[in-house]
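The lines below spell out each chain.
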Amino acid sequence: MVVSFLRNLLILIINLLLFFSYGFCGDAISNEAREHFIKGKKLVESALSPLNFVEAEEEFEKAIELAPDWAEAYYNLALISAEIGKPVKAIRSFERYLEITKNPADKSEVLLEISRLKKIRETKRRIGLSGISIVAMQDGIYLMNVLPGSKIEKAGFKSGDKIIEVNKRSSVGIKLEDFYRLIETPLEDPRLQGRFSIYGKRTGIENVVGITIIRGGRQQVIPTSLDVFKSNVYEIEEDEFEDVVIKNSMPIFVVFWADWCSFCIKFTPVMEQIAEKYKGKVGVVSINIQNNKKIYERFRIQAIPTTILFKEGKQVSSVTGYKNEADIEKLLTNQSIKED
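Owing to the predicted nature of the structure, the values given are computational and were not obtained by experimental measurement. (Residues numbered from 1 in each chain as written. Predicted model: local features only at pLDDT ≥ 70, side-chain atom pairs only at ≥ 80, totals over all residues. Heavy atoms only, no water.)

Draft legend 1. Examining the pattern of salt bridges more closely. The tally for this structure, following the rule as stated, stands at 19 salt bridges. Among the salt bridges present, the one from R96 reaches E99, with a minimum N-O distance of 3.3 Å. Here R96 pairs with E99, and both are found in helix α5 (residues 87-101), just three residues apart, close to one helical turn. Here D178 ties to R181 by a salt bridge, and the two come within 2.2 Å at their closest N and O atoms. One end of the pair is D178 and the other is R181, both in helix α8 (residues 176-183) and three residues apart, which spans about a single turn. Residue classification places D178 among the partly exposed residues on the basis of a relative accessible area of 29%. (Salt bridge = Lys/Arg side-chain N within 4 Å of Asp/Glu carboxyl O. Helix = DSSP H or I, 4+ residues; strand = E, 2+ residues; numbered from the N terminus. Buried < 20%, exposed > 50% of the residue type's maximum accessible area, 1.4 Å probe, protein only.)

And the structure:
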């Protein structure tokens, strides 16, 4: 059975907190809130895939909506958010936990975890990881959502692939931050260097790496570029929208997408080209509406892809559906933004 490398720890913590937790809020916790909390706990206990963790996250969020001062609900939301690759949500949930509990016995451990999560987020920003959602499980790194048309999809990866090795280095049982470091580490094995050098010359791919995956129960190696996970367009969470978009002094394009959207497939390369062409002048971020429902409801997104241009924290322009590069550049020209 597929389980997270942190699953046992999560189960233990949730069981203990479920027993002791009610003291923080007393009668403020409704039966409905407790039911959502327990349902989240059961989803973690019986998790067979990363999707079960996503469902558990939703249950803990519902518990918080009904009991906004329930510290343990925030704590468990932080744990599960970190597990499914949402470091910003995890950080804010941990911070809320500390705010409610004032000076808990585990304060130092929580602060260390917050520091670790901040480093993960910085790494994700540096790499990009656009068009993909990654989850670390006990038996490998799962690609939950690979956006068709993205660079990583063109390299041969699909949603549901499980990465077990990068250049013969195991990715089984490692944490997300270790995986990020792994994909940034150049190849050192001389034999593999020679083999991949020949492949690179034949295909024109630079910095070739071999990524071993499991797909449909079968193992295979995908030779690709070391930069395959890197992009000038990077994925953000709704919890960081204010900091990344609204408070940014640079104009920012926000692309709302979903992995099932056929027009998003065609549009992805266009925005990657814009991000490269206007690097340093315009930022481009993407938001998966499936994982960030609150933000797309806030902007009343009716169709995808929807691309909104923000300047000085305000929405100044938007387009819906597929647009070519000239269409997007026209939006920038209207805002007096030009490439170098």
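Draft legend 2. Representation of the packing of helix α3 (residues 50-66) against helix α4 (residues 71-83) in the model. The N-to-C vectors of α3 and α4 enclose an angle of 155°; their axes lie 9 Å apart at closest approach. One finds that α3 runs roughly antiparallel with respect to α4. Crossing hand, α3 versus α4: left-handed. Listed contacts from α4 to F53, A56, E57, F60, E61 and I64 of α3 are A73, Y74, N76, L77, I80, S81 and E83. Of the residues assigned to the contact of α3 with α4, the class counts are eight nonpolar, two polar and three charged. (Axes fitted to C-alpha atoms, helices over the stretch in contact; angles between N-to-C directions. Parallel < 35°, antiparallel > 145°, perpendicular 65-115°, else oblique. Left-handed = near helix turned anticlockwise from the far one by under 90°. Contact = heavy atoms within 4.5 Å. Nonpolar A, V, L, I, M, F, W, Y, C, P; charged D, E, K, R; others polar.)

Draft legend 3. The nonpolar core, seen in detail. By size, the foremost hydrophobic cluster in this structure holds 61 residues, and its most contacted members are W70, F94, F157, I163, F179 and F229. By residue number, the principal contributor to this core is α4, which donates nine residues. With residues up to four places along the chain from it excluded, the contact list for I163 reads G140, I141, L143, S171, F179, I211, T212, I213 and F229. Formed by 22 residues, the second largest nonpolar core is a distinct cluster that contains V244, F256, V285 and I295. (Core = buried A, V, L, I, M, F, W, Y, C linked by side-chain atoms within 4.5 Å.)

Draft legend 4. Main features of the pairing of strand β11 (residues 314-320). Where strand β10 (residues 306-311) lies against β11, six bridges are found, and the strand directions are antiparallel. From the neighbouring strand, F310 faces β11, where its bridge partner is Q315. If you look at the hairpin formed by β10 and β11, you'll find two residues sitting between the two strands, and E312 has a positive phi there, around 55°. (Pairing = 2+ DSSP bridges.)

Draft legend 5. Structural detail: α8. Within α8, six of the eight residues are buried, leaving the element largely enclosed by the surrounding structure. Looking only at α8, the buried set comprises L176, E177, F179, Y180, L182 and I183.

Draft legend 6. Main features of the layout of surface pockets. In this structure, the second largest pocket spans a volume of roughly 470 Å³. Taken together, 24 residues line the second largest pocket, and the ones lying closest to its centre are S231, N232, V233, A275 and K279. When residues of the lining of the second largest pocket are traced back to their parent elements, those giving at least two are α6 (107-127), β7 (233-235), α11 (262-277) and β9 (283-288). In terms of residue class, the lining of the second largest pocket is built from eleven nonpolar, six polar and seven charged. (1 Å grid on protein atoms, 1.4 Å probe; cavity = no way out; pocket = protein on both sides within 12 Å on 5 of 7 lines; lining within 4 Å. Points joined across faces, edges and corners; volume = space filled by probe spheres on them.)

Draft legend 7. Spatial organisation of the sheet that holds β7. Read across the sheet, five strands follow the order β7-β9-β8-β10-β11 without closing on themselves; strand pairing throughout is mixed. Both outer strands of the open sheet, β7 and β11, are each paired with one neighbouring strand and no more. On average, adjacent strands in this sheet sit at an angle of 25° to one another, irrespective of strand direction. Sheet topology places strand β8 (residues 252-257) next to β10; five bridges connect them, and they run antiparallel. Paired with I252 across the strands is F310, a residue of β10. Packing against the sheet, α11 makes contact with β7, β8, β9 and β10, and its axis sits at approximately 165° to β8.

Function-wise, these values are silent; they only describe arrangement.
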